[in-house]
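Observations on the model geometry
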Amino acid sequence: MNGRKARAKSRELRERNERLLAAVRAAVPERLRTTAEGYEVWRRGPATIVVPVVPLHYPEPIQSALTAYRMAALTHDCPQCALEVKVTGAGAVLYRHEVHCPADPDRLAALAAEHGIVMKRKV
């Protein structure tokens, strides 16, 4: 593939991803179901979003971080940081929290571990 074709393909992919992200942002989140494993499945436009349920018996810092994580995934706006949202070439929506944000999956897992709670990341 020559340079011109590669640039055109890259531009088409970027434009498709921007349209996909715009469609997701324009849609209202709709809860579909709760799984037996403790997750909720939501639809927002063409996207399917899976987020953990916030257990009421968890300590307040973990509940707060999980709530921020859920809000970020469902609204593309994190109450704790300036969230970066982008779409991969495969069409997956990625959320990147700032390093200090408790809603960042790695920070959330570390916070849970401090309280003796094991959190699994659903991929």
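Attention in this report is confined to the structure presented alongside it. Computed from a predicted model, the values in this text were never measured in an experiment.

Scoring rules and cut-offs
- Going along each chain's sequence as written, the residues are numbered from 1 onward.
- A pLDDT threshold of at least 70 governs which residues receive local features in this predicted model, and a stricter bar of 80 or more applies before side-chain atom pairs are shown or counted, although totals over entire chains, interfaces and linings include all residues.
- Hydrogens and water are ignored here; the side-chain numbers use all heavy atoms of the structure.
- In the sections that follow, a salt bridge refers to a side-chain nitrogen of Lys or Arg positioned within 4 Å of a carboxyl oxygen of Asp or Glu.
- By the criteria applied, helices consist of DSSP H or I runs no shorter than four residues and strands consist of E runs no shorter than two, each listed in order from the N terminus.
- The rule is simple: take the accessible area with a 1.4 Å probe, protein chains only, and divide by the maximum for that residue type; under 20% is buried, over 50% is exposed, in between is partly exposed.
- Counted as positive: Lys and Arg. Counted as negative: Asp and Glu, with His and the chain ends omitted from the count.
- In protein, a polar contact means a hydrogen-donor-capable atom and an acceptor-capable atom, both N or O and within 3.5 Å, with residues adjacent in sequence counting only if both atoms are side-chain atoms; elsewhere, any N or O pair within 3.5 Å suffices.
- Note on definitions: a residue-residue contact is assigned when non-hydrogen atoms from the two residues lie within 4.5 Å.

This brings us to the pattern of salt bridges. Per the stated rule, a full pass over the model turns up 3 salt bridges. Between Arg43 and Glu30 there is a salt bridge whose closest N-O contact spans 3.5 Å. Of this pair, Arg43 sits in strand E2 (residues 39-44) while Glu30 sits in strand E1 (residues 30-34); the two residues are 13 residues apart in sequence, bridging distant segments of the chain. Note that Arg31 is salt-bridged to Glu40, the shortest N-O span being 3.8 Å. Looking at Arg31, the relative accessible area reads 47%, which means it is partly exposed.

Before going further, it helps to examine the environment of Cys78. Position of Cys78 among the secondary structure elements: in the loop between helix H2 (60-75) and strand E4 (84-87). Sequence separation of Cys78 and Val51 is 27 residues, and the distance between their C-alpha atoms is 14 Å.

A word on the side chain of Arg44. Position of Arg44 relative to the elements: it lies in strand E2. No salt bridge is formed by the buried Arg44, whose closest oppositely charged neighbour, Asp77, lies at an N-O distance of 9.7 Å. Polar side-chain contacts of Arg44 include one of 3.0 Å to the backbone oxygen of Ala27. At 2.6 Å, the side chain of Arg44 forms a polar contact with the backbone oxygen of Leu74. Not counting residues within four places of it along the chain, the set of residues in contact with Arg44 comprises Val24, Arg25, Ala27, Val28, Pro29, Ile49, Leu74, Thr75 and His76.

All quantities given are derived from atomic positions and should not be read as evidence of function.
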